[in-house]
Amino acid sequence: MKKVLYSLFFALILSIFSFNAFEAKASDKLSNRAEAIVEIGKLLGLDGTQKETQFKDVPKSHYASGYIQSAVDKGIISGYPDGTFKPSQELTRAHVAIFISRAFGSKLPTGNQAFKDVKKGDSAYSAIQQLVAAGITAGYPDGTFKPNDKLTQAHLKTFISRTDSYLKTGKKPTTNNTSKGNGTLKGTVIWKYNDFIGTKGDTGAVIYLFPTNATYPSYTKQQLFDWLEKKNELKDVYRTLADANGNYTFNNLPAGKYIAVISSKNTHRNVLETLNSHNQLKTLFGEFNYSIFEANAMTIFKHQIREIEISDKSTVDFSADFGYTAW
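Owing to the predicted nature of the structure, the values given are computational and were not obtained by experimental measurement. (Residues numbered from 1 in each chain as written. Predicted model: local features only at pLDDT ≥ 70, side-chain atom pairs only at ≥ 80, totals over all residues. Heavy atoms only, no water.)

Trainee: Looking at this structure, I do not really get the nonpolar core. What am I missing?
Mentor: In this structure, Ile-68 and Ile-77 are the most contacted members of the largest nonpolar core, which totals 42 residues. Every element with two or more residues in this core is listed here: helix 2 (33-44), helix 3 (65-73), helix 4 (93-104), helix 5 (125-133) and helix 6 (153-169). Per-element accounting of this core gives the leading share, eight residues, to helix 4. Beyond its immediate chain neighbours, meaning those up to four positions away, Ile-77 contacts Ile-37, Phe-55, Ile-68, Ala-71, Val-72, Phe-85, Phe-99 and Arg-102. (Core = buried A, V, L, I, M, F, W, Y, C linked by side-chain atoms within 4.5 Å. Buried < 20%, exposed > 50% of the residue type's maximum accessible area, 1.4 Å probe, protein only. Helix = DSSP H or I, 4+ residues; strand = E, 2+ residues; numbered from the N terminus. Contact = heavy atoms within 4.5 Å.)

Next up, the structure:
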């Protein structure tokens, strides 16, 4: 009975911890037009000193007035016909594409990526093409771009970070996959049931594989939840489950570098221990995407992360022994 009560207590504590951690990391607060101009203005080195603006809804006292007027002077924004800028209007993917293109368009490449919901006559068409060609953003697995989807503050920071990276290197996120051919990744995932029964296969453990040359869009929270609940798949993320014996295999993997994550099904981590974020995966997958992945696949469950390289006709072993569950 004590063991049952102990487990229920820790399950309750863990559920509260996981919920709070997720809420803290998900950064669900939507971003707005003023915040976008401030971030872009900082990247451009614009004068952010508060000042009078030409917009009737942006007084000198507004925190972003300096950046907004400086952006007007640079031709990045022009506002609306009624003389407003609408600084508090929620930011969309199309908005941020236009702002970034106007600010840095001469340094960004052109592209011709087809999207079902972006036509050539659309006001954001050229801007979207530039951002996609530069690897700052990407479309969705269903062939859409979703230009009217609203951005959270975390999404905005991802756009700005990737823009900064492109401006510094002049290149899309570089591919580390320089070799050709196909190889195999396999392994065995086990845990300790108890001293009497001993070690068992961690049946249902999830193995994720992220190619380091992929470019991921800013998914919505619901899209990521559906993926984590195995209702859909994300482009360029491999996933499989450990079988009844804890074994798994990825066959015919394109040669190159990957970040592999094994998330246990049967063991839970000690929530009092520090959870170290994997910065390379965070950068690759996107800060917002990673925050939800971490909260749901790593905060609760024991896990291992390893950077691996697949070469032609090779077999790489990535196994894990998670030992006893924490509760």
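Trainee: Where do I start with empty space enclosed by the protein in this structure?
Mentor: Remark: the empty space left among the atoms is shown by a probe the size of a water molecule rolled over them. All chains considered together, the criterion is met by one cavity of 30 Å³ or more. For the largest cavity, the calculated volume is near 30 Å³. Taken together, His-155, Thr-158, Arg-162, Ser-218, Phe-285, Gly-286, Glu-287, Phe-288 and Asn-289 make up the lining of the largest cavity. When contributions to the lining of the largest cavity are tallied by element, the ones reaching two or more residues are helix 6 and helix 9 (287-297). Looking at the lining of the largest cavity, its residues break down into two nonpolar, five polar and two charged. (1 Å grid on protein atoms, 1.4 Å probe; cavity = no way out; pocket = protein on both sides within 12 Å on 5 of 7 lines; lining within 4 Å. Points joined across faces, edges and corners; volume = space filled by probe spheres on them. Nonpolar A, V, L, I, M, F, W, Y, C, P; charged D, E, K, R; others polar.)

Trainee: I keep staring at the layout of surface pockets and nothing clicks. Help me out?
Mentor: Taken as a whole, the second largest pocket encloses approximately 410 Å³ of empty space. Around the second largest pocket, the lining comprises 26 residues; the ones closest to its centre are Val-132, Ala-138, Gly-139, Thr-215 and Lys-235. Partitioning the lining of the second largest pocket into residue classes produces 12 nonpolar, 11 polar and three charged.

Trainee: Can you walk me through the sheet that holds strand 7 (residues 301-310) in this structure?
Mentor: Within a beta sheet, neighbouring strands are joined by backbone hydrogen bonds and run either parallel or antiparallel to one another. Taken together, four strands build an open sheet; the order of strands is 4-3-6-7 and the sheet is antiparallel. Whereas interior strands pair on both sides, the edge strands pair on one side only; in this sheet they are strand 4 (238-241) and strand 7. Across the sheet, the mean angle separating the axes of adjacent strands is 20° when strand polarity is ignored. (Pairing = 2+ DSSP bridges. Axes fitted to C-alpha atoms, helices over the stretch in contact; angles between N-to-C directions.)

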